[in-house]
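# Topology and contacts: notes
Each chain is listed here by its residues.
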Amino acid sequence: MIDQKDIFATIDMIEQQHLDIRTVTMGVSLLDCCDEDTDKACGRIYDKICSYAGNLVRTCEDIESEFGIPIVNKRISVTPIALVAGPSKTEDYVPFAKALDRAAAECGVDFIGGYSALVQKGMTKADEKLIRSIPEALSETAIVCSSINVGSTKAGINMDAVALMGRIIKETAAKTADGFGCAKLVVFCNAVEDNPFMAGAFHGPGEAERVINVGVSGPGVVYHSLQSVKGESFDVVAETIKKTAFRITRMGQLVALEASKRLDTPFGIVDLSLAPTPAKGDSVARILEEMGLEVCGTHGTTAALALLNDAVKKGGVMASSSVGGLSGAFIPVSEDEGMIAAARSGVLDIDKLEAMTCVCSVGLDMIAVPGDTKAETISAIIADEAAIGMVNSKTTAVRIIPVPGKGVGETIELGGLLGSAPIMPVHGESSESFVRRGGRIPAPIQSLKN
Amino acid sequence: MNAVITVVGHDKVGIIAKVSTLLYESNINILDLSQTIMQGNFTMVMLVDVSGANKSFKEISEALVELGKEIELTIRIQREEIFDAMHTI
């Protein structure tokens, strides 16, 4: 029989250290749902999602019960809707968002992602229609998530789209209470097609008919394991994280294969991200502090995060037959108890977060800024992040909430896993003339690999 | 299909009898059993074969949790694979 100590170590990880499967996400291709008639297209979308993902939640609950491991979120990702809605003769794409919302509610999932467009090199008419509909779509649906890819290492950065997204984020904030709609909207550079995490999940056009992707979690387990190597060298720290990441990922792989078998859906990837929650003891920031930093955000934070991110990947990669998605440590401010505290204390600011995004996945995530932040300033923040992603051949993203009527020092409560966000200051100096130039920032020389 | 049952709490008379009676009634075979006192707590680990069970896994799990409440112990049942996956290569 398995060693008793190992059995109780697993139980402790689940019950004391917040180990869980963060998400089982079913990707569904909607490419065959296109129709000139919007109502027909929306009907097909609803029917297809319900027929493929109707059993997703019940199957996940059975797995939770049999393995004794919580699966916190059950989600659906779909083909970017700009590709599906394109053939429909309509100027209004909001009905597509509503069809997704209804299908997701019928299936009982937590979120559905894919109200998306990929515009890194240019916008089609459909892409532009979809982007302009985002504020209304997100304010009139409950659990639909939207993502826009504005740049890539191969294509450069579409600055017209960046400028537009600054305005769209402001409009979305204005249409929803406390700017909540912006928590469901992310702007990417180098977006991945198999990401199981929200708000950025979509089922890429290069994916299969349907697929199961799994995102694991476990900052609490890593934090706990580092407490046993206090004062030891970084070599020991890295080894400890690797071993822990291996265990966490093996569990993710097991659940992914089981879900894939029961739902008769091919297994896609395990995403090795360390995803925090606002619960005490489930924080990425506290891991960095455990390495010897007084507060996350002080000097040394970027190096600590680089080590953590790398060790998680090295530990996880051997534990899964197929690794993908974003795979790295997440640093969403509002969703991480330690990040919230560090931001409140003023030690962690947007500039330091930007530096941290150079060495981890994904980017400036769940950051609340004053409601009077200009659209051009938000666009410039997106451009900075996209540049980091483009030059370093990695995914970066911006999920930012300009909270209407609120300023620095105030906090918004987003509820649940989205947590609470202290409003952080941005630079007041203007970026307007920079953003107004438009056009495309060319792809860097390292894109010429062939 | 094998599963691991863990029982943790204050030691008292009849724990094994009550748990094994429930398993007997559910037609679940006990493959291995060990018990010890860890940090003052009674802990018992059972490896069982549930493939011939006359109830669903969920029903067995609920019955064990219910029994745990009755005798003031924490009882869990989890499929063996999760421990194998995490602790063996």
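Residues numbered from 1 in each chain as written. Chains lettered and ligands numbered in written order. Predicted model: local features only at pLDDT ≥ 70, side-chain atom pairs only at ≥ 80, totals over all residues. Heavy atoms only, no water.

## A word on the pattern of salt bridges
Under the definition given, this model contains 29 salt bridges over all chains. Here K48 of chain A makes a salt bridge to E209 of chain A, at a shortest N to O gap of 2.6 Å. With a gap of 161 residues between them, K48 of chain A in helix α2 (residues 38-53) and E209 of chain A in the loop between β6 (185-189) and β7 (210-216) connect regions that are remote in the sequence. The class of E209 of chain A is partly exposed, set by a relative accessible area of 37%. Between E66 of chain A and R79 of chain B there is a salt bridge whose closest N-O contact spans 2.8 Å. (Salt bridge = Lys/Arg side-chain N within 4 Å of Asp/Glu carboxyl O. Helix = DSSP H or I, 4+ residues; strand = E, 2+ residues; numbered from the N terminus. Buried < 20%, exposed > 50% of the residue type's maximum accessible area, 1.4 Å probe, protein only.)

## Thoughts on the packing of α2 of chain A against helix α5 (residues 94-107) of chain A
Residue and element names in this part refer to chain A. At their nearest, the axes of α2 and α5 sit 9 Å apart, and the two run at 25 degrees to each other. Regarding the angle of α2 to α5, the classification is roughly parallel. Our pair here, α2 against α5, has a crossing hand that is right-handed. Of the residues in α5, those in contact with T38, A41, C42, I45, Y46, I49, C50 and A53 of α2 are P95, F96, A99, L100, R102, A103, E106 and C107. (Axes fitted to C-alpha atoms, helices over the stretch in contact; angles between N-to-C directions. Parallel < 35°, antiparallel > 145°, perpendicular 65-115°, else oblique. Left-handed = near helix turned anticlockwise from the far one by under 90°. Contact = heavy atoms within 4.5 Å.)

## So, the domain arrangement of chain A
All names here are of chain A. Assigned domains within chain A: domain 1 (19-189) and domain 2 (215-439). Distance from the C-alpha centre of domain 1 to the C-alpha centre of domain 2: 22 Å. The interface is formed by 45 residues belonging to domain 1 together with 54 residues belonging to domain 2. Between domain 1 and domain 2, the buried area comes to about 3900 Å², and carbon and sulfur atoms account for 70% of it. For the domain 1 face of the interface with domain 2, the top three residues by lost area are R22, D178 and C189, together amounting to 17%. Where domain 1 packs against domain 2, one counts 3 salt bridges. Of the charged contacts in the structure, one is a salt bridge between R22 and D282, with a shortest N-O distance of 3.7 Å. The tally of links between domain 1 and domain 2 comes to 19 residue pairs in polar contact (both at pLDDT 80 or more). For the side of domain 1 that touches domain 2, the elements supplying multiple residues, two or more each, are β1 (21-28), α3 (56-67), β2 (71-78), β4 (144-152), β5 (156-158), α7 (159-175) and β6. Ranked by the residues each element gives to the side of domain 1 that touches domain 2, the list is headed by α7, at 11 residues. (Domains from an automatic or database assignment. Buried area = accessible area lost by both parts, 1.4 Å probe. Polar contact = N/O pair within 3.5 Å; in protein donor to acceptor, adjacent residues only side chain to side chain.)

## A few points about the confidence of the model for chain B
The predicted model of chain B averages 92 in pLDDT, with 100% of residues at 70 or higher. For chain B, strand β2 (residues 29-38) of chain B is the element with the lowest average pLDDT, namely 90, and strand β4 (residues 73-79) of chain B is the one with the highest, namely 95. (pLDDT = per-residue confidence, 0-100.)

## Side note on the pairing of β6 of chain A
Residue and element names in this part refer to chain A. With 5 of 5 residues buried, β6 lies mostly within the body of the structure. A two-sided burial pattern is seen for β6, the buried positions comprising L185, V187 and C189 on one face and V186 and F188 on the other. Where β4 and β6 come together, 5 bridges link them in parallel fashion. Bridge pairing links I148 to V187 in β6. (Pairing = 2+ DSSP bridges.)

## Re the layout of surface pockets
Residue and element names in this part refer to chain A. If you add up the space inside the largest pocket, you get close to 450 Å³. Every residue lining the largest pocket is counted, 33 residues in all, and those nearest its centre are R75, M198, A199, E335 and R399. Within the residue set of the lining of the largest pocket, elements represented by two or more residues are β2, β6, β10 (364-370) and β11 (396-403). Ranked by the residues each element gives to the lining of the largest pocket, the list is headed by β11, at 3 residues. Looking at the lining of the largest pocket residue by residue, the class counts come to 21 nonpolar, 6 polar and 6 charged. Counting only domains with at least three residues in the lining of the largest pocket, you end up with domain 1 (19-189) and domain 2 (215-439). (1 Å grid on protein atoms, 1.4 Å probe; cavity = no way out; pocket = protein on both sides within 12 Å on 5 of 7 lines; lining within 4 Å. Points joined across faces, edges and corners; volume = space filled by probe spheres on them. Nonpolar A, V, L, I, M, F, W, Y, C, P; charged D, E, K, R; others polar.)

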